[in-house]
Amino acid sequence: ADEVIGEVISLPGKLVHLLDDDVAAIPDYYTDLFRILWYYRRHWTVRASTRLLGCPDLIDALSRSGTRIVWFDETFLRPVVLDRVPAERAVRTLYRSVKTLHSARMLVGATVTLSIDAAGPDSCQNVRREMEAGGRGGDGAFAGGKDGLVALQVAIAVGQAGFGAL
């Protein structure tokens, strides 16, 4: 922890992007770390899995230390995308999760990785249509309310189809 604190102190500016994949992977370590980092008055962007939602002490430490954005990994939207949870139930679950962090003064982002085969441009068009349908609040996987996700980062892993078709 002392190495990390030394690095943070030496960084110019206030905004720090913590590059660890999941701050909830070792909640006790990160809780202690962010309780110490609070004294240095930085603004943080961190990445986490849904395990974070079960760590109220860590959420409190992140909030008090100045964390501004929590980027969730694929575990955040996995039930919606892979398990095809009905849109209404999924929205309620996501809403509660987002509100938990909003109430701690943190914004929420989510990462989705869509893997499609190299069948050609039609595959890319199908992904785009699915996302557009979700954005309209239909049965799509990304339906949300007015207080939905602040940001959604989509990485599309395509074979030979390329990104030009989108």
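Data block above holds the structure.
Structural notes, computed from the coordinates.

As a further point, take unusual backbone geometry. The backbone phi angle of Arg-41 is positive, close to 50°, even though this residue is not glycine. Locating Arg-41 in the fold gives a position in the loop between α2 (27–37) and β2 (43–48). Positioned with a positive phi, Arg-105 is a non-glycine residue whose angle comes to about 65°. Within the secondary structure, Arg-105 sits in the loop between α5 (87–103) and β4 (107–115). Classification of Arg-105 by relative accessible area gives exposed; the value is 60%.

Assignment of secondary structure puts Ser-65 in helix α3 (residues 56–65). The exposure class assigned to Ser-65 is buried, which follows from its relative accessible area of 3%. Side-chain polar atoms of Ser-65 contact the backbone oxygen of Leu-62, separated by 2.9 Å. Ignoring any residue separated from it by four or fewer positions in sequence, one finds Ser-65 in contact with Phe-34, Trp-38, Arg-42 and Trp-44.

Glancing now at α2. When α2 is considered as a whole, its buried residues turn out to be Tyr-30, Thr-31, Leu-33, Phe-34 and Leu-37. The buried residues of α2 occupy an angular sector of 170° when the element is viewed end-on, so they sit on one face. Summarising the contacts, the buried residues of α2 are in contact with α1 (2–10), β2, α3 and β3 (67–72).

Looking now at the pairing of β2. Sheet topology places strand β1 (residues 15–17) next to β2; 3 bridges connect them, and they run parallel. Bridging from a neighbouring strand, Leu-15 pairs with His-43 of β2. Bridge count between β2 and β3: 5 bridges; the pairing is parallel. Residue Arg-47 lies in a different strand from β3, and its bridge partner there is Trp-71. Tracing the backbone out of β2, into α3 and back to the parallel element β3 gives a crossover that is right-handed.

Another aspect to go through is the side chain of Thr-31. Tracing the backbone through its elements, the reader meets Thr-31 in helix α2. Accessibility expressed as a relative area gives 7% for Thr-31, which makes it buried. Residues within four places of Thr-31 in sequence aside, it is in contact with Asp-57, Leu-58 and Ala-61.

Counting across every chain of the model gives 4 aromatic pairs. A ring pair is formed by Tyr-29 and Tyr-30, whose centres lie 5.0 Å apart and whose planes are at 80°; its orientation type is edge-to-face. Aromatic side chains Phe-72 and Phe-76 sit 4.5 Å apart centroid to centroid with 5° between the ring planes, which places their arrangement in the stacked category. What makes Phe-76 buried here is its relative accessible area of 5%.

Looking now at α3. Regarding α3, the residues found buried are Leu-58, Ile-59, Ala-61, Leu-62, Ser-63 and Ser-65. Once α3 finishes, Gly-66 follows within two positions and takes phi at roughly 105°, a positive value.

Rules of the game
- Residues numbered from 1 in each chain as written.
- Predicted model: local features only at pLDDT ≥ 70, side-chain atom pairs only at ≥ 80, totals over all residues.
- Heavy atoms only, no water.
- Helix = DSSP H or I, 4+ residues; strand = E, 2+ residues; numbered from the N terminus.
- Buried < 20%, exposed > 50% of the residue type's maximum accessible area, 1.4 Å probe, protein only.
- Polar contact = N/O pair within 3.5 Å; in protein donor to acceptor, adjacent residues only side chain to side chain.
- Contact = heavy atoms within 4.5 Å.
- Arc of directions from axis to C-beta.
- Pairing = 2+ DSSP bridges.
- Right-handed = clockwise from strand over helix to strand, strands pointing away.
- Phe/Tyr/Trp six-rings, centres within 6.5 Å; stacked < 30°, edge-to-face > 60°.

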